[in-house]
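Residue-level structure breakdown
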Amino acid sequence: MTNVRKVIDNFEKKTLVRKVIPALTEVLKEASLSAAVLNNLFHILSKDKFITTTEFRAAVWPAMIQICRSKELPAQTLFLLLKHSEIILKYVSSSEFASNMMPLIQKSLECGVPKLQLLALDQIKVLFKSLDYGLFKTSLVPRMLKILEETTNMPVMIKSIETFRDLQDSIDVTTIK
């Protein structure tokens, strides 16, 4: 599936939207192939103004929701979903994003895998302005504080502190207490 990207770039938009994207989202249902498929989908979605919100919601979003709710989510798939969460947020409302993607961010913060924790902390900084503050306060801040208390991984600890520092002007004092 890695060479698919080269072929994808040769298709017209109409063909991609009508034929290729539906085929990719169908294959996305197979957990073992999900990471490779997501790489190709995000390659398509990252093209500026290539697909409309309506096209995304009809063709891609239902398959992504299924992946987000999957009980057995491969780590590489989780990594790709987090890494490209800004792209997803361009096409869906913040409430839809929160209900489907927030559990993945929470899972990443709690998993103990430094690479996922670092990425989740990076994404929190980027997504903060788009997320509901109450949800941030109740769902993410406790997990970020738990990382500070429990992690022995210095880069994760530093990134967590940096995240709090970067968001300090936006966080009310009672949230941290």
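About the thresholds
Sequence order as written defines the numbering, with residues in each chain counted from 1. The model is predicted, so local features are restricted to residues of pLDDT at least 70 and side-chain atom pairs to those at 80 or more, both for listing and for counting; the totals for chains, interfaces and linings are taken over all residues. With hydrogens and water excluded, all non-hydrogen atoms of the structure serve as input to the side-chain values. Put simply, DSSP H or I for four residues or longer makes a helix, DSSP E for two residues or longer makes a strand, and each gets a number counted from the N terminus. All radius of gyration figures rest on C-alpha atoms, and the globule criterion is 2.2 Å times the number of residues raised to 0.38. When checking whether two residues touch, look at their non-hydrogen atoms; a contact exists if any pair is within 4.5 Å. The positive count covers Lys and Arg only, the negative count covers Asp and Glu only, and His and the chain ends enter neither. By convention, the charge on Lys lies at NZ, on Arg at CZ, on Asp at CG and on Glu at CD. To get an axis, a line is fitted to the C-alpha atoms, and for a helix only the part in contact is used. The angle between two axes follows their N-to-C directions and goes from 0 to 180 degrees. An angle below 35 degrees is read as roughly parallel, one above 145 as roughly antiparallel, one from 65 to 115 as roughly perpendicular, and any other as oblique. A clockwise turn of the near helix away from the far one marks a right-handed crossing, whereas an anticlockwise turn of less than a right angle marks a left-handed crossing. Throughout this entry, Asp, Glu, Lys and Arg are counted as charged residues, while Ala, Val, Leu, Ile, Met, Phe, Trp, Tyr, Cys and Pro are counted as nonpolar. The remaining residues, Gly among them, count as polar. Exposure is judged per residue with a 1.4 Å probe applied to protein chains only, and the accessible area is read against the type maximum: over 50% gives exposed, under 20% gives buried, and values in between give partly exposed. Values of pLDDT, which run from 0 to 100, indicate the predictor's confidence residue by residue. Within 3.5 Å is the distance limit for a polar contact, defined as a pair of N or O atoms, with the added protein rule that one can donate a hydrogen and the other accept it, and that residues adjacent in sequence qualify only through two side-chain atoms. Each reported salt bridge corresponds to a side-chain nitrogen of Lys or Arg within 4 Å of a carboxyl oxygen of Asp or Glu.

Attention now goes to the overall build of the protein chain. The number of helices and strands found in the protein chain is 12 helices and zero strands. A compact globule built from 177 residues would reach a C-alpha radius of gyration of about 16 Å, and the protein chain, at 17 Å, matches this within 12%. Seen through its C-alpha atoms, the protein chain measures out along the principal axes to roughly 55 × 30 × 25 Å. Long-range contacts, defined here as pairs at least 24 residues apart, represent 66% of the contacts in the protein chain between residues at least 6 apart. In the protein chain, 24 side chains carry a positive charge and 18 a negative one; their mean positions are 5 Å apart.

Let us look at the packing of helix H9 (residues 114-127) against helix H10 (residues 133-150). Contact geometry for H9 and H10: axes closest at 12 Å, N-to-C directions at 140°. It follows from the interaxial angle that H9 and H10 lie oblique. Regarding H9 and H10, the two cross each other, and that crossing is left-handed. Residue-level contacts link Gln117, Leu121 and Ile124 of H9 to Phe136, Leu140, Met144 and Ile147 of H10. Taken together, the residues of the contact of H9 with H10 sort by class into six nonpolar, one polar and no charged.

So, about helix H5 (residues 61-68). Of all the eight residues making up H5, six are buried; the element is thus mostly covered by neighbouring parts of the structure. Restricting attention to buried positions, one finds in H5 the residues Trp61, Ala63, Met64, Ile65, Ile67 and Cys68. On the buried face of H5, the contacting elements are helix H2 (13-27), helix H3 (34-45), helix H4 (53-59), helix H6 (75-83), helix H7 (85-91) and helix H8 (94-110).

Time to look at the confidence of the model for the protein chain. With 94% of its residues at a pLDDT of at least 70, the protein chain reaches an overall mean of 86. Here helix H12 (residues 173-176) is the element of the protein chain with the lowest mean pLDDT, 58, and H6 is the one with the highest, 93.

Attention now goes to the side chain of Asn100. By the element assignment, Asn100 lies in helix H8. Here the side chain of Asn100 touches Glu96 through a polar contact of 2.9 Å, landing on its backbone oxygen. When near neighbours in sequence (up to four residues on either side) are disregarded, Asn100 contacts Trp61, Ile65, Cys68 and Arg69.

Take the pattern of salt bridges next. Here the idea is simple: oppositely charged side chains can pair when their charged atoms come close. Per the stated rule, a full pass over the model turns up eight salt bridges. Between Glu96 and Arg57 there is a salt bridge whose closest N-O contact spans 2.5 Å. Note that Glu96 is positioned in helix H8 and Arg57 in helix H4, a separation of 39 residues in sequence. Close ionic contact of Lys125 with Asp166 constitutes a salt bridge, the shortest N to O distance being 3.2 Å. Placement of the pair is Lys125 in helix H9 and Asp166 in helix H11 (residues 154-167), with a sequence separation of 41 residues. On the basis of relative accessibility, which here comes to 24%, the residue Lys125 falls in the partly exposed class.

Moving on: the side chain of Ser139. Tracing the backbone shows Ser139 in helix H10. At 3.1 Å, the side chain of Ser139 forms a polar contact with the side chain of Gln106. Look past the residues within four positions of Ser139 in its chain and what remains in contact with it is Met102 and Gln106.

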